[in-house]
Amino acid sequence: MVSGPGSEPDSASEPTSEAATSEAAPAPESAPAAESASAAHPDSASSGGSKDAAGRTSVWLGRTAPSRSRRTESPAGLDRNRITEASVRLLDADGLAKFSMRRLAAELDVTAMSLYWYVDTKDDLLELALDSVYAEIAPPREDADWQDRLRALARSYRELLVRHIWISPLAGTFLNIGPNSMLFSYAVQDIVRATGLPLERQTGALSAVFQFVYGFGTVEGHFKARCDATGLTQDEYHQRAMGTIRAQPHLRQIVEASDDLMAARGGDTVEEMRERDFVFALDLVIAGIEAVRDRTGSSAPQ
């Protein structure tokens, strides 16, 4: 997994959680919105972002407007949507560790204090940005069977994690209860209900699918970012890494032992091999869901 770019200290006027600026994988916690939606946002922390003096929990809870008194007037043409869109652009371009209120203000050509008309902390912006990109997940076709709907939603979620690698740690830090996040969660719940699994097994099925996709997409996104940063294609990077490993006698035997496995995997490129793995792994999970449903005698709702 690829570490994030070097961090830049933020000013004292930019309170934020330490966890929210880390590229490390989040610690597993329970989901925020509903037990049955937990796996749609794996590792979501029930405590949310900053633990500042104001007891911040989530931008979606409590106050709907910033609490601080303002000395400046709200800049013309600035609103939460515009600020959120600019935040996503910066996060995509520079990464989570380099994101700051100063950089965002420069991008919008306003003062940093102007942003505090719309948010209380940098965490608020990160939480808004996180929810906004969930709108990119296309809803599956309603007339398709649950297996195809699940595959489509899982693929869309994977692509989102690769496209915006900064969302992985944020999804494990904040409450995923914004409007777009909730629509995603409800789409997942609709599909798992259609599997015919008993109610007590449905959250486990959600976890099996979406925590797998979360991990797969996170690793894939960071590998792609590392390749992009070195100026190498994914195949070039892989070949160079394997060549380095094979050149070390104490590691060569380990690699050679897996040659048959790699050959049987199929695919001529790193992306083709990864795609084969993703499709087959998802098929295995779906087959497991079907097997449990059939063993318990349940059936899909009509």
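Structure: see above.
Rules used throughout
- Residues numbered from 1 in each chain as written.
- Predicted model: local features only at pLDDT ≥ 70, side-chain atom pairs only at ≥ 80, totals over all residues.
- Heavy atoms only, no water.
- Axes fitted to C-alpha atoms, helices over the stretch in contact; angles between N-to-C directions.
- Helix = DSSP H or I, 4+ residues; strand = E, 2+ residues; numbered from the N terminus.
- Parallel < 35°, antiparallel > 145°, perpendicular 65-115°, else oblique.
- Left-handed = near helix turned anticlockwise from the far one by under 90°.
- Contact = heavy atoms within 4.5 Å.
- Nonpolar A, V, L, I, M, F, W, Y, C, P; charged D, E, K, R; others polar.

Student: Would you explain the packing of helix 1 (residues 80-94) against helix 2 (residues 101-108) in this entry?
Tutor: Helix-helix packing: each pair is described by the crossing angle between the helix axes and the interaxial distance. It is at 10 Å that the axes of helix 1 and helix 2 come closest, and there the two elements cross at 115°. If you check the angle between helix 1 and helix 2, you find them roughly perpendicular. Considering only the axes of helix 1 and helix 2, their crossing is right-handed. From helix 1, Arg-82, Ile-83, Ala-86, Ser-87, Arg-89, Leu-90 and Asp-94 reach across to helix 2, where they touch Arg-103, Leu-104, Glu-107 and Leu-108. In terms of residue class, the contact of helix 1 with helix 2 is built from five nonpolar, one polar and five charged.

Student: When you look at the packing of helix 1 against helix 4 (residues 122-133) in this model, what are you seeing that I'm missing?
Tutor: Relative to each other, helix 1 and helix 4 sit at 85°, their axes nearing to 9 Å. As judged from the angle between their axes, helix 1 and helix 4 are roughly perpendicular. Between helix 1 and helix 4, the contacting residues are Arg-80, Ile-83, Thr-84, Ser-87, Val-88 and Leu-91 on the first element and Leu-125, Leu-126, Leu-128, Ala-129, Ser-132 and Val-133 on the second. In terms of residue class, the contact of helix 1 with helix 4 is made up of eight nonpolar, three polar and one charged.

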